[in-house]
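# Commentary on secondary and tertiary structure
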Amino acid sequence: MALGHVLTANRLSDGIVVFLTATSAWSEKIDEAVLAREPLAAGALEKRGAEFEDTNLVTGAYLIEAERQGDAIVPTHVRERIRACGPTIAYLGAQTPPCQADAPAVAA
Amino acid sequence: MPLLKRDGAISDDSWITLGDEDDVPAVGDVIVPHARLPLTVPGRLGLSLPNDLDVSTLGPEISQVCLIVLTFPSFADGRAYSQARALRNTVSYEGELRASGHLLPDQLAFMVEVGFDSFDLQTDRFPVERWTQALEDVTLTYHRHLSRPGQSPIITARHAG
Amino acid sequence: MYRYDEFDQAFVDQRVEQFRSQTSRRLSGELTEEEFKPLRLMNGLYLQLHGYMLRVAIPYGTLSAVQMRALAEISEKYDKGYGHFTTRQNIQFNWPKLEDTPDLLADLAKVEMHAIQTSGNCIRNVTADHWAGVAADELADPRPVAELIRQWSSLHPEFSFLPRKFKVAVTGAPADRAAVKLHDIGLRLHLNEAGERGWEVIVGGGQGRTPMVGVTVRDFLPEEELLGYLEAIMRVYNLFGRRDNKYKARIKILIHETGAEEFSRLVEEEYARAPRPSVEIERKELDRISAYFAPPAYESLSAVEPELERRKLEDPEFARWVRTNVGAHRVAGYGIVNISLKPIGGIPGDATAEQMRTIADLAERFSHAEIRVSHHQNLVLPDVKLADLYDLWTVLAVNGMGEANIGLLGDIISCPGLDYCALATARSIPIAQSISRQFSDPQRLEEIGPLRVNISGCINACGHHHVGHIGILGLEKKGKEFYQVTLGGHSGTDASIGGVLGKGFSEDEIAGAVETIVDTYLDIREDGESFLDCVRRAGTPPFKEALYAPA
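Residues numbered from 1 in each chain as written. Chains lettered and ligands numbered in written order. Predicted model: local features only at pLDDT ≥ 70, side-chain atom pairs only at ≥ 80, totals over all residues. Heavy atoms only, no water.

### What about the nonpolar core?
What counts, and what does not: Among buried residues, the Ala, Val, Leu, Ile, Met, Phe, Trp, Tyr and Cys ones that are joined through side-chain atoms within 4.5 Å form a nonpolar core. A 1.4 Å probe rolled over the protein chains alone gives each residue an accessible area, and that area as a share of the maximum for its type sets the label: buried under 20%, exposed over 50%, partly exposed in between. Labels follow the DSSP assignment, with helices taken as runs of H or I lasting at least four residues and strands as runs of E lasting at least two, numbered in each case from the N terminus.
Membership of the largest hydrophobic core comes to 155 residues, with the highest contact counts inside it found for Phe116 of chain B together with Leu71 of chain C. The element that contributes the greatest number of residues to this core is helix α6 (residues 226-240) of chain C, accounting for nine residues. The next biggest cluster of nonpolar side chains, apart from the first, holds 32 residues, and it includes Leu408, Ile448, Leu451 and Ala513 of chain C.

### Remarks on the pairing of strand β4 (residues 58-69) of chain A
All names here are of chain A. Put simply, the rule is: In this scheme, strands are said to pair when DSSP sees at least two bridges between them.
Pairing between strand β1 (residues 3-11) and β4: eight bridges, direction antiparallel. Along β4, the bridge assignment pairs His5 with Glu65. Two elements, β4 and strand β5 (residues 72-75), share four bridges in a ladder whose sense is antiparallel. Residue pairing across strands places Arg68 opposite Ile73, the latter belonging to β5. In this structure, the hairpin formed by β4 and β5 is closed by a connection of two residues, where Gly70 is found at a positive phi of approximately 65°.

### Describing helix α8 (residues 260-273) of chain C
Residues and elements named next belong to chain C. Basically, it comes down to this: By this rule, a helix spans an expected 1.5 Å times one less than how many residues it contains. The arc in question is traced by the directions running from the helix axis to the C-beta atoms. Note on contacts: a residue pair qualifies if any of its non-hydrogen atoms lie within 4.5 Å across the two residues.
End to end, α8 covers 20 Å across 14 residues, agreeing with the expected 20 Å (1.5 Å per residue, within 8%). Residues of α8 that are buried include every one of Phe263, Ser264, Leu266, Val267, Glu270 and Tyr271, and no others. Down the axis, α8 shows its buried residues gathered within 160° of arc, on one side only. For α8, the exposed residues set more than 90 degrees away from the buried face come down to Glu261 and Ala272. Elements in contact with the buried residues of α8: β9 (197-203), β10 (215-222), α6 and α7 (251-258).

### Observations regarding the interface of chain A and chain C
In plain terms, the rule: Summed over both partners, the accessible surface that disappears when two parts come together, traced with a 1.4 Å probe, is what is meant by buried area. Each reported salt bridge corresponds to a side-chain nitrogen of Lys or Arg within 4 Å of a carboxyl oxygen of Asp or Glu. Between N or O atoms, a polar contact is any pair within 3.5 Å; within protein, one atom must be a potential hydrogen donor and the other a potential acceptor, and residues adjacent in sequence are included only when both atoms are from side chains. In this classification, Asp, Glu, Lys and Arg are treated as charged, Ala, Val, Leu, Ile, Met, Phe, Trp, Tyr, Cys and Pro as nonpolar, and every other residue, Gly included, as polar.
Residue-level contacts link 24 residues of chain A with 33 residues of chain C. Considering only the surface of chain A that becomes buried against chain C, Leu12, Ile89 and Leu92 of chain A emerge as the three largest contributors, covering 24% of it. The tally of links from chain A across to chain C stands at zero salt bridges. At the boundary of chain A with chain C, the tally comes to 10 residue pairs in polar contact (both at pLDDT 80 or more). For the side of chain A that touches chain C, the element with the most residues is helix α2 (residues 78-85) of chain A, which contributes four residues. Residue classes in the side of chain A that touches chain C are distributed as 10 nonpolar, nine polar and five charged.

Pasting the structure below:
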């Protein structure tokens, strides 16, 4: 189990969901995010997020609980899994196949 | 705090605002909380009204008042808009009506339309130009009881002549 | 339909430029998110789960073919090529960029549309009977009054920062298709013995956390007094509505806590003392607006169309669609075509740009270029000659819009739920899809008869689950979605709020639970008894028994 926290936000200009990476960049892919394993590290992520909000790059930054599963990072909560991955239904412009965010967070 | 008039003029506020306990100064125009009436003052009398006061209950004491200050505790709290309209349209108050508290430049047009004519500016948040410019942003209104001088509501203009 | 004059156009254009300035000030950082939020919400721009969402107003659900085509184009230019028609007759785009939104709004303004007050604590887009002007049972078209209210409420300086959002619906017919008892203010038209118009004013209905059926405060308000009276209601609400708790801030709570009689007294007192708009000018304005809604030039046709009867005999699928989807028109030889946006297994209310263009073409070809959006998330072509129905249906069918399920179990109302919405606690669309697949046999749907299934993904009830004959509410517990079922809700003239059945169901169980409820109904229904009537007669026990009794 590699449970920790990832910092997420919406990019101000287009609203797209982004995640903070180890190099202080914002990625649209949660798998590229930096996973803070300890409260102190998570606190540092939050602080960095606030700085990015002050410079108007992102808005609404917050921490989510997630865990590393191989190369993937999977949020604990269904809401965050859908937010990270996209709608779970086949809509126009969807990735094919649609996200399987309802898959269990913790591999059996 | 600088004061903006609805014609765009900026000036210093010459009024002295008193709290519940402050002594009345020997000279000057003062703004006092409503609860302190009746009160003898050296110059002109201004009144600051609480956000939850039903202004239609105001009595004849209003006739000696030259300034009424209505407060916005938050820009999202819109009660003072209704208080202003009631003062203008129901109580027929004709003195200066001032908006104070948490204001946004983008709300100035609404405030003018319901009858405010001066504003306590928070220039730490927005530059003065933003405030004066905001008065020009939206000038057309469907509102029936427009208080903006020199302008008529759409419905009047539409059916004129 | 209504067309902007130079004042309306200048008003909307000014607003677009104001938002352009606000957006650039937000992008530059002059405005904080907290300060910008109410400004963008007043222009219909939300920040949702995956990004920004723009809700465009379709006033009282009426739009032209030209406007529909513009919506299609906007969906391709600024979004992913589709839109979602909502339970309040609006359309939502799910993927616009903040930086593009001012241009998007400018494109809307070119076709006399806007997104003003589709969100925020203000008077929202006014809704109306989607059959307004054409329904056989209607007394008069309510849309002139709806347009009057649209203009009056647009950027109303006094009522733009209310305690909470405020929704108005109007109907001109005795059969309530606009849910007027479930709005903050519902207006229903009546005629007196002299044939004069008056409006019944219903206040304090609503759904959300605390569903309530509204109360009538005036039985017959003369039309010219409408705006003055509405202002009195709004002022009482603005001054006395609760601002300490957003869940208790709607007008229904004020009325509940004050008492309907005392509330009514406060309104009457305010109405008596406040200055009113002059009755003469209000009459003039209503006459001016009404002229835009003059009925089109109908042909003089026979009520029975032999060509239609022949086609119905030839093609049972077409005959079924006519039975389920075509409503009674007030003019002989015409029908009201209800286009289902609920294909089997589809996303309720979604339409692609291509479908929007198809509808626009069909409206021009068959229905005086006018289209309606219903709060059931379907579209309506209001003025179709019976002789044209077959040609129209053929085009709809090949474009995925020929489903014969209006008002039946397949016609499921669903909010976007957790697939899109930041407030949702559970997904709604996949639930709608699984129920829709479970009941895919059109013959069976017809046998079951009128049955509304409404699904909301959270307690805010945008999917109107409280008034679903079967209502489904998506909730979340310990990170897992589950679904609570209510029975017996209804949004018509005899509106009622549904009652909770019992323990919730998982995503996998819910379609089966609906199946059990429907089987129970088929089992116990009396001759000709609808689902709703059956629930009202038998109550919930037989359904509870079937769902929860140990096997």
